[in-house]
Every structure is written in structure tokens, then in C-alpha cells.
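# Chains, contacts and geometry: an overview
One-letter residues, chain by chain:
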Amino acid sequence: MAEHLEMTTGSVLDILIYVFDRYMLVEAPAVPRREHLARDLEHAGFAPAKVERALDWLTDLAFGPERESPAAACAQERGVRVFSDGELMRLSTECRGLLLRLEGARVLTAQQREIVIERMLALDADEPDTEQLKWVVLMVLSSQPGCELAVERLGGLMLEASVNAPH
């Protein structure tokens, strides 16, 4: 009962992780249509309003503003990213640092970094943290064809960070 109660108060990110785990990480059949997916998520115990927000988030990830192909994005020159006041207020120093490290390690392209920032801010989390950021990066990379190497690099960097963390 406590698990069901916790699910009904789950955040949009909890729903996204649930969908990602259930439909993207395993060899599952095609993702169901929006109305079927919404019904499945509500049956799993997620609040209908948050389910709609999560599905909107996924729709924006898939069909957001015109996105370049990953190959074109990889060819972009590197530049300095200046964060807006709103981004500075919402994204912690740790989140911004992780984004820059991922870009420097060529896990993210500049275009993918911008998508990650946009999707992080769309979560409307009070204080997004690096764990949430890692999930969003994984979802963004997984949504784009040809990013398998970047996903592998991300996994390696995250494993390395956890091994080198102070105990």
C-alpha cells in the first residue's frame, strides 16, 4: 500500500524513468499510443495530471523545435555557453559543471546540451540535481539515432565518478 501511495505522488521525472525503463531499455513492443500509455501509467498509480505533463514532456523531446541531425550537430564548432539568469537560478553549479564535463568528454554535442537544458527546465523541479540531470541526458541521447557511443561514454563516466567518489 505504501508503494502505491508513493507512486501517486511521483514526480514527472519518476513517470519518465518508469516509461524509459519499461519501454526503452528492454526489447519491448512498440510504445503504445498516448491514450493507452496514459491509462497504463494511471493504472500503475501515477496521478493523471502528472501523467499528462510527463507525456507532454516526451512529446516535446520527440517533436520539439526543429532539431539538426546528430551528424550535423557533431560538426559544430565548440564555443562558450553563457547561462541566462533563469538558468543560473534553476540549474545548480553541480548541474552546470556536469553539463560542461559531458560536453568536454564529447558525450554531448552543443545541440544536445541545449536540448538537455531545455528538458531539465521543463521538469519544473524545485531544485534539479545531478541525478535528475543524468536521467535527462540518458533520455535525450537515447531519443536520437546514432548516439550509442555517447550513451556508452556516459555510462563509463558515471561509473568512474561513483568509483572515485569519497567514501
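Whatever comes next refers back to the structure up there.
Criteria and cut-off values
Residues numbered from 1 in each chain as written. Predicted model: local features only at pLDDT ≥ 70, side-chain atom pairs only at ≥ 80, totals over all residues. Heavy atoms only, no water. Helix = DSSP H or I, 4+ residues; strand = E, 2+ residues; numbered from the N terminus. Expected span 1.5 Å × (residues − 1). Buried < 20%, exposed > 50% of the residue type's maximum accessible area, 1.4 Å probe, protein only. Arc of directions from axis to C-beta. Core = buried A, V, L, I, M, F, W, Y, C linked by side-chain atoms within 4.5 Å. Contact = heavy atoms within 4.5 Å. Salt bridge = Lys/Arg side-chain N within 4 Å of Asp/Glu carboxyl O.

Across its twelve residues, helix α7 (residues 93–104) extends 16 Å between first and last C-alpha, which sits within 8% of the 16 Å expected from 1.5 Å per residue. Among all positions in α7, only Cys95, Arg96, Leu98, Leu99, Leu102 and Glu103 are buried. Down the axis, α7 shows its buried residues gathered within 160 degrees of arc, on one side only. Turned more than 90 degrees away from the buried face of α7 sit Thr93, Glu94 and Arg101, all of them exposed.

Of all hydrophobic cores here, the largest spans 35 residues; its most connected members are Leu16, Leu41, Val116, Leu123, Leu133 and Val136. Broken down by secondary-structure element, the contributors of at least two residues to this core are α2 (12–24), α3 (34–43), α4 (48–63), α7, α8 (110–122) and α9 (130–142). Here this core gets seven residues from one element, more than from any other, and that element is α2. Those residues within four positions of Leu133 in sequence are excluded, and the remaining contacts are Cys95, Leu98, Leu99, Val116 and Met120.

Counting across every chain of the model gives ten salt bridges. Close ionic contact of Glu87 with Arg81 constitutes a salt bridge, the shortest N to O distance being 2.9 Å. When its relative accessible area of 12% is taken as the criterion, Glu87 is described as buried. Each of Arg81, Glu87, Glu103, Arg113 and Glu114 takes part in a single network of salt bridges with overlapping partners.

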